[in-house]
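Each chain is listed here by its residues.
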Amino acid sequence: MPASVFRRRPRTLTACAALLAATAVAPAATATATTSGPDPLAPFRTQHLDWHTCALGPDDDTGRALDAAGADCADATVPLDYTDPGGRTLTVAVSRRKATDTAHYSGPLFLNDGGPAGPSLHMPLTTAEAMGEVAARYDLIGMDPRFVGRSTPLDCGWNLGSAFLRSAGSDRAAYQEEVTVARDLAERCTRTQGDVLPYVTTRNTARDMDVIRAALGADTLSYLGYSYGSYLGEVYTQLFPGRTDRVVLDGVNPPERYNQTLLRGAEAVNEEALRAWASWTAARHATFGLGATRGEVLATVDHILDAAGREPLRIGGTYVLDEHVLPAFFIGGLGSDLDERRADLARTVRLLARAADRKPVEPSQGLARQLEFLLTSAGSASSSQMTAILCGDVAERRGVGSYWRAVEQSRRRFPLAGPLANDITPCEFWAAPAEPPTVLDNDVPALLLAATGDPRTVYSGARAMRERWPSSRLLTVVHARQHGLYGEYGNTCVDDQVNAYLRTGRLPAQDPTCPTAPNPHGPVLSPYGQR
């Protein structure tokens, strides 16, 4: 189970968000500006990428699937610190599915699955499905960002995977427990990984992308990024103006909305999504037994949350769910309004309702994986990476009391989402970022995708990004409560519009709108989960 709300394909839960301000970046200029004399990054930009088969062994399903699709893999070498390119280096894992339509070759298309810290090595597989014949025009490039997946790893050695998407709890004493957890996680990460934490940032991932672009021999790159990946794409365009061709950002927000409380500002749309899910579930009371009306289903949810507040729920003989972790199961399950995803959440809630009645329950295989990720060290690496990237980008000291005040104010209107969206995070106890947050002062002719009911990157953020980039176009899917559209939602209108742009490089004349009508063949469901 992924650790991020902003992952392109979050699995039921931890896909559970939405996605800076002041001064443009002086330190970055030294890493990206052209200067007279030798290029200190030349050894990286001109490196030979040793392409090889992707599978690491018989149990490597992703590698075997890439091999079967004719893709190959390599490890690029990049500087840990771009201001010291002669110092320590890292490896970044890259996959490539080469273009076969050489008559219409359009260069490399870099792919990012979201996150922060979403592995993306597999993406040439899933993206090729969505692109159809257009895929043959591109070298499809998957990349595990620095410290993620097969790249040089990072793991703070935590005993849980729920550093984010935690809820403040019902009272001040419960919130103080959250303060202790956040401080402990930050201190442990500083203790074990402090030498690299300043370099675990989106800006450095963008620089890695540009090194790989150069190593591929390309003057420009095209880019498709989902969710957090849209932020990565924005940062790349700011650091490397003129080096992008076609850009698609799906689930988009302006940089100033990317901050350490990822879901703040998305409370209302998540509560609306909960009510919509409750209505859907009530209409299927014979299947799920959670209530025959929306009110009855919501009462079941309240009963589960209240029970966990009094005493943690026991799931099987191994797992205990308290009021800090439990709300994420609801928020995480609201990232899509597809029937399959809503049914997943309903089945989980049915089991949680039994646990709330103190009846013995055994988790399904999928739920057991989620619980293991959230509650044990199995989720440490992924959660460490997400936290390090986010805090490395935008950590700020707001004061411990400020979160509690925001929680109390928000919970009056948003009893489920408010205490989770406004809870304290390890970023409160993180060192200040090595560089100021990225500020966009450019205009990129990109295709932006958004659903009006997206519960992660809210629609107002997409509108703000459209205004920021007058040369862009915003494709809107109306009345959809979906995070991640292209190749994910089964919407022919969306997929055709994106593929037309990738085929021709021409944006629509006006901002297009698509209805929620699904693809008659259904969505492309990925074995890697759903955003």
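Residues numbered from 1 in each chain as written. Predicted model: local features only at pLDDT ≥ 70, side-chain atom pairs only at ≥ 80, totals over all residues. Heavy atoms only, no water.

Peer 1: Honestly, the sheet that holds strand β7 (residues 221-226) in this entry has me stumped. Any pointers?
Peer 2: The pairing of strands in a sheet happens through backbone hydrogen bonds and is either parallel or antiparallel. Strands sit in the order β2-β3-β6-β4-β7-β8-β11-β12-β13 across an open sheet of nine strands; the sheet is mixed. The sheet is open, and its two borders are formed by β2 (72-79) and β13 (513-514), each paired with just one other strand. As paired strands, β7 and strand β8 (residues 244-250) are joined by five bridges and run parallel to one another. Across the sheet, residue Gly-225 finds its bridge partner in β8, namely Leu-249. (Pairing = 2+ DSSP bridges. Helix = DSSP H or I, 4+ residues; strand = E, 2+ residues; numbered from the N terminus.)

Peer 1: Looking at this structure, how should I read the side chain of Ser-380?
Peer 2: Residue position: Ser-380 is located in helix α14 (residues 380-394). With relative accessibility at 1%, the residue Ser-380 sits in the buried group. A distance of 2.5 Å separates a polar atom in the side chain of Ser-380 from a polar atom in the side chain of Asp-155. Aside from chain neighbours lying at most four places away, what touches Ser-380 is Asp-155, Cys-156, Gly-157, Trp-158, Leu-160 and Gly-161. (Buried < 20%, exposed > 50% of the residue type's maximum accessible area, 1.4 Å probe, protein only. Polar contact = N/O pair within 3.5 Å; in protein donor to acceptor, adjacent residues only side chain to side chain. Contact = heavy atoms within 4.5 Å.)

Peer 1: What is the right way to look at the packing of helix α10 (residues 294-310) against helix α12 (residues 339-356) in this model?
Peer 2: Each pair of packed helices can be summarised by the angle the axes make with each other and by the distance between the axes. One way to put it is that α10 packs onto α12 with a least axis distance of 9 Å and a crossing angle of 50°. With respect to their mutual orientation, α10 and α12 come out oblique. With respect to the hand of their crossing, α10 and α12 are arranged in left-handed fashion. When α10 is examined against α12, the residues Thr-300, His-303, Ile-304 and Ala-307 are found in contact with a partner set consisting of Val-349, Leu-352, Ala-353 and Ala-356. When grouped by side-chain class, the residues that make up the contact of α10 with α12 number six nonpolar, two polar and no charged. (Axes fitted to C-alpha atoms, helices over the stretch in contact; angles between N-to-C directions. Parallel < 35°, antiparallel > 145°, perpendicular 65-115°, else oblique. Left-handed = near helix turned anticlockwise from the far one by under 90°. Nonpolar A, V, L, I, M, F, W, Y, C, P; charged D, E, K, R; others polar.)

Peer 1: What is the right way to read the environment of Asp-454 from this model?
Peer 2: Along the chain, Asp-454 turns up in the loop between β11 (447-451) and α17 (459-468). As for Asp-454 and Leu-249, which are separated by 205 residues in sequence, their C-alpha atoms are 14 Å apart. Discounting chain neighbours no more than four positions away, the residues touching Asp-454 are Gly-251, Val-269, Ala-480, Arg-481, Gln-482 and His-483. At 2.9 Å, the side chain of Asp-454 and the side chain of Thr-457 are in polar contact.

Peer 1: Teacher, can you tell me more about the packing of helix α6 (residues 202-215) against helix α7 (residues 228-239) here?
Peer 2: Put simply, α6 and α7 touch, their axes get as near as 9 Å, and they point 70° apart. By the criterion of interaxial angle, the relationship of α6 to α7 is roughly perpendicular. Both α6 and α7 take part in a crossing whose hand is right-handed. Of α7, the residues touching α6 (which contributes Thr-202, Arg-203, Thr-205, Ala-206, Arg-207, Met-209, Asp-210 and Arg-213) are Tyr-228, Tyr-231, Leu-232, Val-235, Tyr-236 and Leu-239. Grouping the amino acids of the contact of α6 with α7 by side-chain chemistry returns eight nonpolar, two polar and four charged.

Peer 1: Is there a simple way to explain empty space enclosed by the protein in this structure?
Peer 2: Here the idea is plain: a probe the size of a water molecule rolls over the atoms and shows the empty space left. If you add up the space inside the largest cavity, you get close to 130 Å³. Along its surface, the largest cavity is lined by 14 residues, and Phe-164, Leu-165, Leu-262, Leu-420 and Thr-425 are the ones closest to its centre. Here the lining of the largest cavity is composed, by residue class, of nine nonpolar, three polar and two charged. Taken as a whole, the second largest cavity encloses approximately 70 Å³ of empty space. Lining the second largest cavity are Thr-201, Arg-203, Tyr-231, Gly-392, Asp-393, Ala-434, Glu-435, Pro-436, Pro-437 and Thr-438. (1 Å grid on protein atoms, 1.4 Å probe; cavity = no way out; pocket = protein on both sides within 12 Å on 5 of 7 lines; lining within 4 Å. Points joined across faces, edges and corners; volume = space filled by probe spheres on them.)

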